[in-house]
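# Coordinate analysis (summary)
Residues per chain are reported as follows:
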Amino acid sequence: MKTNRHNHLKELEAESIYILREVAAQFERPVLLFSGGKDSIVIAHMAWKAFYPGAIPFPFLHIDTGHNFDETITYRDALAGRLGVRMIIGSVQESIDTGRVVEEQGYNASRNKLQTVTLLDSLEKYKFDAAIGGARRDEEKARAKERIFSHRDEFGQWDPKNQRPELWNIFNGRKQPGEHFRVFPISNWTEMDVWQYILQENIELPSLYYTHEREVFERDGMWLAAHPCIRRRPEEVPELKRVRCRTIGDITCTGLISSEAYSVENIIDEIASSRVTERGNRSDDKRSEAAMEDRKKRGIFKLTIYFLDRRNFPLAQI
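We now turn to the structure provided with this report. Quick caveat: nothing in here was measured; it's all calculated off a predicted structure.

## Considerations on the nonpolar core
Met46, Phe149 and Trp195 are the most contacted members of the largest nonpolar core, which totals 62 residues. It is helix H2 (residues 38-51) that provides the largest number of residues to this core, a total of 8 residues. Beyond its immediate stretch of four places on either side in the chain, Met46 contacts Glu13, Ser16, Ile17, Leu20, Ile186, Trp189 and Tyr197. Counting 13 residues, the second-largest nonpolar core is a separate cluster that includes Leu33, Leu123, Tyr126 and Phe128.

## Notes on the pairing of strand S8 (residues 222-225)
Burial along S8 is two-sided: Met222 and Leu224 and Trp223 and Ala225, pointing in opposite directions, are all buried. Here strand S7 (residues 212-219) pairs with S8 via 4 bridges, running antiparallel. Counted as the bridge partner of Val216 is Ala225 from S8. As consecutive antiparallel partners, S7 and S8 are separated by 2 residues, and within that stretch Asp220 has a phi angle of approximately 55°, a positive value.

## Here we look at unusual backbone geometry
Cis geometry is found at the peptide bond from Tyr52 to Pro53, where omega equals 10°. Note on placement: Pro53 falls in the loop between H2 and strand S2 (60-64). The backbone phi angle of Lys127 is positive, close to 55°, even though this residue is not glycine. Along the polypeptide, Lys127 turns up in the loop between helix H5 (115-126) and strand S4 (130-132).

About the thresholds
Residues numbered from 1 in each chain as written. Predicted model: local features only at pLDDT ≥ 70, side-chain atom pairs only at ≥ 80, totals over all residues. Heavy atoms only, no water. Core = buried A, V, L, I, M, F, W, Y, C linked by side-chain atoms within 4.5 Å. Buried < 20%, exposed > 50% of the residue type's maximum accessible area, 1.4 Å probe, protein only. Helix = DSSP H or I, 4+ residues; strand = E, 2+ residues; numbered from the N terminus. Contact = heavy atoms within 4.5 Å. Pairing = 2+ DSSP bridges.

As structure tokens, this is what we get:
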């Protein structure tokens, strides 16, 4: 049983590393949009393996909402230092300050949606032409429609009806000027695959993924962090609970779950018995039935690795 699982993970890893190398070969401006979540961490780990003993030949890009968990930022900076990669920061707060976006108001205000403009501005600024993302097809029905090489038009928009066939793992990255691709090397992975791989590779994760004590309050059947960036209603009284994050994003939309999982093994057991999907604790997906697909059509996505022009970022500087 253990051997079968090991072989299964090796096959998934080999496919993902092949995709990473294929993007490096096909595109000119290779970056890794780093969210601090487990999927982006796994892809960063495989990028290190894909190009070892050389350096990772692209920088990381983090779209910072300004409402991130402190643990995410601490982990992000430490990982960039360990891997020796350049970390580029796209600031949603800067987009607000310059009038590029208008901050939402009210109890359900979130900066999660505002990331789209900051992201597309970053793509334009650095002229990225390929983006490797951490979305998986098992997460959400809109993501199940994605090709591994997912074409975006000159406005960064996704048309699910205008994607290219991918027979025999042959990927077509040809594009017109101004267009780019999002590439998802872990499309065929499941949440359980990711956690088993983390266990196998002994990958370090942010402490948020493990059980810890935190002040939270209940809203719409979810536990949200009691943080100053979230405006609470009078009846939403914080309480101290033992919780963990199953998925990590902006504080305003990241639900926490009651948990006693102190290790990766505990988390695997917890997921195996869960009847709630991974994104069932993301409030941004509950705004409408097609919330994720709408955001994807406008240009939002999860983890991304863009390949930068090596003339601008020589390998020795990355």
